[in-house]
Amino acid sequence: MGNICVIGPRASGKTTYLAALAYKRMTIGKSKQFNIIPLNDDSREIAEKAENIICQGESFEPTRVESVDTLPDYSFKIAVKKFPRIKEESFQLVFKDYPGEVFEKIAESDAGDAIQEEFIEECFRKDVEGCLILFSDWIKGTDNHYNRIINRFLELMDSHDRAKDLRLAVAMSKCERGELWSGRLDPETDLFNRHLPMTTATLREKVTPKNIRFYAISTFGVLRRNDPRPNRIDEQGKSGQASVLREIPRWQPYNIIAPLYWLNKG
Amino acid sequence: MGVIYIGDRETGKTSLAMELANPNSHYVKVTHPDYENLKVMLYDDAEGRTKATDASQALYDRALEIQVELPTGKKEILLEWLDTPGEIWRTRWQQADENQPEWQKFLGSIVDSEGILLVVPPYREIISGANREDYITQQQWCNRFERWVKFFRQDCPKVRHLVLCLNKADLFCDVNKEASRLEYSPNRSPMTWQKRNAYVMQRYFRPIQTQIEHLNKNISGLAIRCFITSIHNRKLLELPWIYLGSFLAD
Ligand SMILES: Nc1nc2c(ncn2[C@@H]2O[C@H](COP(=O)(O)OP(=O)(O)OP(=O)(O)O)[C@@H](O)[C@H]2O)c(=O)[nH]1
Ligand SMILES: Nc1nc2c(ncn2[C@@H]2O[C@H](COP(=O)(O)OP(=O)(O)OP(=O)(O)O)[C@@H](O)[C@H]2O)c(=O)[nH]1
Ligand SMILES: [Mg+2]
Ligand SMILES: [Mg+2]
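Residues numbered from 1 in each chain as written. Chains lettered and ligands numbered in written order. Predicted model: local features only at pLDDT ≥ 70, side-chain atom pairs only at ≥ 80, totals over all residues. Heavy atoms only, no water.

**Topic: the overall build of chain B**
Okay, so step 1: Along the backbone of chain B there are 9 helices and 9 strands.
Okay, so step 2: The C-alpha radius of gyration computed for chain B amounts to 17 Å, which stays within 12% of the reference 18 Å derived for 250 residues, consistent with globular compactness.
Okay, so step 3: Overall, chain B is about 55 × 40 × 40 Å in size when its C-alpha atoms are taken along their principal axes.
Okay, so step 4: Buried residues in chain B amount to 56% of all 250 residues.
Okay, so step 5: Considering only contacts within chain B whose residues lie at least 6 apart along the sequence, 72% involve residues at least 24 apart.
Okay, so step 6: When the accessible area of chain B is evaluated, it comes to approximately 11,400 Å², of which 44% is carbon and sulfur surface.
Okay, so step 7: Averaging the coordinates of the 32 positive side-chain charges in chain B and doing the same for the 33 negative ones gives two points 7 Å apart. (Helix = DSSP H or I, 4+ residues; strand = E, 2+ residues; numbered from the N terminus. Rg over C-alpha atoms; globule rule 2.2 N^0.38 Å. Buried < 20%, exposed > 50% of the residue type's maximum accessible area, 1.4 Å probe, protein only. Contact = heavy atoms within 4.5 Å. Areas by Shrake-Rupley, 256 points an atom, 1.4 Å probe, with all protein chains shown as cover. Lys, Arg positive; Asp, Glu negative; His and termini not counted. Charge placed at Lys NZ, Arg CZ, Asp CG, Glu CD.)

**Digging into the coordination of the magnesium ion (ligand 4)**
Under perfect tetrahedral coordination by four donors, a metal shows angles of 109.5 degrees; under perfect octahedral coordination by six donors, it shows angles of 90 or 180 degrees.
Residues and elements named next belong to chain B.
Okay, so step 1: The coordination sphere of the magnesium ion (ligand 4) contains the protein donors Thr14 (OG1) and Thr53 (OG1), at a distance range of 2.0 Å. Of this pair, threonine 14 sits in helix α1 (residues 13-20) while threonine 53 is found in the loop between β4 (49-50) and β5 (60-70), placing the two residues 39 residues apart along the sequence.
Okay, so step 2: Judged by its relative accessible area of 23%, threonine 53 is partly exposed. (Donors = N, O, S within 2.8 Å, 3.2 Å for Na, K, Ca; no water.)

**Some points on the coordination of the magnesium ion (ligand 3)**
All names here are of chain A.
Okay, so step 1: Binding of the magnesium ion (ligand 3) to the protein goes through Thr15 (OG1) and Thr63 (OG1), at separations of 2.0 Å. A residue pair is termed long-range when its members are at least 10 positions apart, and threonine 15 in helix α1 (residues 14-22) and threonine 63 in the loop between α2 (41-52) and β3 (73-80) qualify at 48 residues.
Okay, so step 2: Given the relative accessible area of 24%, threonine 63 is considered partly exposed.

**Digging into the site of ligand 1**
All names here are of chain A.
Okay, so step 1: Around ligand 1 there are 23 residues in total, and Lys14, Thr16, Gly100, Glu176 and Ser243 lie nearest to it.
Okay, so step 2: Measuring from an oxygen atom of ligand 1, one finds a backbone N or O atom of threonine 63 at 2.7 Å.
Okay, so step 3: One nitrogen or oxygen atom from the side chain of glutamate 176 is found 2.5 Å from a nitrogen atom belonging to ligand 1.
Okay, so step 4: Burial of ligand 1 by the protein amounts to 97% of the accessible area it has alone, namely 660 Å². (Near = heavy atom within 4 Å. Polar contact = N/O pair within 3.5 Å; in protein donor to acceptor, adjacent residues only side chain to side chain.)

**Notes on the site of ligand 2**
Residues and elements named next belong to chain B.
Okay, so step 1: Within the structure, ligand 2 sits among 22 residues, and Lys13, Ser15, Thr50, Gly86 and Asp170 are positioned closest to it.
Okay, so step 2: Note that an oxygen atom of ligand 2 is positioned 2.9 Å from one of the backbone N or O atoms of glycine 12.
Okay, so step 3: At a separation of 3.2 Å, a nitrogen atom of ligand 2 approaches a polar side-chain atom of asparagine 167.
Okay, so step 4: Put simply, the parts of the chain that give the shell around ligand 2 at least two residues each are α1 and β4.
Okay, so step 5: Here the residues of the shell around ligand 2 are counted per class, giving 4 nonpolar, 10 polar and 8 charged. (Nonpolar A, V, L, I, M, F, W, Y, C, P; charged D, E, K, R; others polar.)

**Details of the pattern of salt bridges**
Okay, so step 1: Inspection of every chain in the model, using the stated rule, returns 33 salt bridges over all chains.
Okay, so step 2: With a closest N to O distance of 3.3 Å, Arg9(B) and Glu87(B) form a salt bridge. In this pair, Arg9(B) sits in the loop between β1 (2-6) and α1 while Glu87(B) sits in the loop between β6 (73-83) and α3 (91-95), placing the two residues 78 residues apart along the sequence.
Okay, so step 3: Owing to a relative accessible area of 16%, Glu87(B) belongs among the buried residues under this scheme.
Okay, so step 4: Arg234(B) serves as the salt-bridge partner of Glu238(B), at 2.8 Å between the closest nitrogen and oxygen. With Glu238(B) and Arg234(B) both in helix α9 (residues 234-248) and 4 residues apart, the pair spans about one turn of that helix. The burial state of Glu238(B) is the same as that of Arg234(B); both residues are buried.
Okay, so step 5: Through salt bridges with shared partners, a single network forms among Asp73(A), Lys96(A), Glu122(A), Arg125(A) and Asp127(A). (Salt bridge = Lys/Arg side-chain N within 4 Å of Asp/Glu carboxyl O.)

**Describing the side chain of Asp227(A)**
Okay, so step 1: As for its position among the elements, Asp227(A) is in strand β9 (residues 227-230).
Okay, so step 2: When its relative accessible area of 15% is taken as the criterion, Asp227(A) is described as buried.

**Comments concerning the sheet that holds strand β2 (residues 34-38) of chain A**
Residue and element names in this part refer to chain A.
Okay, so step 1: The mixed open sheet is built from 7 strands, whose spatial order is β2-β3-β4-β1-β5-β6-β7. Sheet topology places β2 and β7 (212-216) at the edges, where each strand pairs with a single neighbour. Pairs of neighbouring strands in the sheet enclose a mean axial angle of 25°, with direction left out of account.
Okay, so step 2: Bridge count between strand β1 (residues 2-7) and strand β4 (residues 89-97): 5 bridges; the pairing is parallel. Note on β4: the bridge partner recorded for glycine 2 is leucine 93. (Pairing = 2+ DSSP bridges. Axes fitted to C-alpha atoms, helices over the stretch in contact; angles between N-to-C directions.)

**Side note on the packing of aromatic side chains**
All names here are of chain B.
Okay, so step 1: One pass over the full model with this rule turns up 30 aromatic pairs over all chains.
Okay, so step 2: Measuring from ring centre to ring centre gives 5.7 Å for tryptophan 193 and tyrosine 243, while their planes differ by 70°; the resulting arrangement is edge-to-face. Residue tryptophan 193 is located in helix α7 (residues 193-204), and its partner tyrosine 243 is located in helix α9; the two are separated by 50 residues in the primary sequence.
Okay, so step 3: You can call tryptophan 193 buried: its relative accessible area is 3%.
Okay, so step 4: With relative accessibility at 1%, the residue tyrosine 243 sits in the buried group.
Okay, so step 5: In this structure, arginine 144 packs its charged tip against the face of tryptophan 148, placed 3.9 Å from the ring centre.
Okay, so step 6: The ring centre of tryptophan 193 lies 4.3 Å from the NZ or CZ of arginine 196, which sits over that ring. (Phe/Tyr/Trp six-rings, centres within 6.5 Å; stacked < 30°, edge-to-face > 60°. Lys NZ or Arg CZ within 6 Å of the ring centre and 35° of its normal.)

**As for the interface of chain B and chain A**
Bring the parts together and some accessible area is lost; that lost area is often taken as the interface size.
Okay, so step 1: Every contact between the two is made by 26 residues of chain B and, on the other side, 23 residues of chain A.
Okay, so step 2: Its largest share of buried area at the contact with chain A, chain B owes to Thr72(B), Arg160(B) and Phe247(B), together 27% of the area lost on that side.
Okay, so step 3: Note that Arg64(A) is salt-bridged to Glu114(B), the shortest N-O span being 3.3 Å.
Okay, so step 4: Remark: the boundary between chain B and chain A carries 10 residue pairs in polar contact (both at pLDDT 80 or more).
Okay, so step 5: Elements represented by at least two residues in the side of chain B that touches chain A include exactly α7, α8 (209-218) and α9 of chain B. (Buried area = accessible area lost by both parts, 1.4 Å probe.)

Structural data, given as structure tokens:
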């Protein structure tokens, strides 16, 4: 059973991503390659939320900062069948969905915040296999901001003795956006290097190469294989930070399993 | 967890909450308190209308149990329902020293609320027929909203759901027609929440659209949604609660 922490700045799409995994009937169900089985109440509950909120054209609220104990654990079994006639592989994952607010705060100097501490301890526990880090923004100034956070994060990782054995899957989320979609095939070069050069350089320099990979994902996806219009509508006044699905029956996430497979199997 | 009704005097806060408990319901059912009991408390039979909420207290706190039928099934929600008198927004009330403790109490509750329902009246220009003169002009309405924006930015930096109810829809539109256009059904609603909001915003909240967008930008994590409501149309009355219910149900 692998424990995975899903982290990243506010509104980068973490909770929505987990909901899409849980609600696989709508999202991955169409694919014969994967099957996802929610294993506990928390994961069944978030699947219901996907149906009541995302599939009704609404979007999730920011995840609350309470205590680590009240954070839900989403547990799934993921089965992957790469080729017909080949035996399927399956693995179980337990996810913790961190509030972006906490992640963004780790770069602030006023340490000693109890909740902050708790989250950091939880994130670097020995039984955590890897972190899925979602980024979604690159407007002016964000690279700098993220770079500071990541620097601090890597320091903490080191001081918790996880520098050598914690895998980091770093993903650019919401990649259905026109400016990103074409960069999805080589995300390290065309998305990360290009839009978040400092953050990317820090990650490359400080993390053992075998423990880091870059991904492009989109929980909402595009309308059709041959119609790459984004399947989303942006909320007015939220500068692209908040969006909802545009055509619900066409919901088909892009590449959301690959980082998990790698985190688990390497 | 609480949902708080705020708005100026006579906008219909008490009526909206009381009528929600009316047993003739579709997808939102108040299981407690009972409609008849509420009526005894809040309604003046002789006048044939709700009593004005008394401003000697800034907050009336009642437990509310509702059942909302969401796409995945019925959900029970336990809530605090906080009614407030419109009087507290008047300068005269706010300036009186003896009201300060009540005002502070009110501010404390509003920051803790899960959702804020701001009930606003229709403005003179959209009202068709009866006593238009009783209602403020569009310009006054916009100015008043600007003050709401200031209030939310200053005193509610953590609010997540701000539900704007343009009430008394029966005075300015064909409520049956609008209700069927915006209709919710757990299985197949003709519109998504995004489409409903876009429609209502475009059609009825146009004069304050930029102010709404501005507020949206300024409070991160806030969702502002626009509704038209009327105590004379059950479907419209329930919509804000189905919306809130999708988030509050746990
Ligand atoms: N365009 C687009 N928007 C998305 C996608 N996934 C999520 N969103 C939207 O991004 C916003 C934030 O999503 P959340 O899942 O709440 O983000 P989060 O990272 O959990 O945020 P916090 O809990 O505050 O840390 C919501 O409006 C989502 O609907 C996506 O794939 N594409
Ligand atoms: N036509 C019409 N009248 C309404 C509607 N809702 C409320 N009213 C009337 O508006 C008046 C004021 O309603 P209340 O519910 O007492 O208003 P309030 O906002 O609680 O007022 P205060 O307690 O004084 O702040 C009453 O006469 C109601 O019958 C509506 O949807 N349509
Ligand atoms: Mg979240
Ligand atoms: Mg009242």
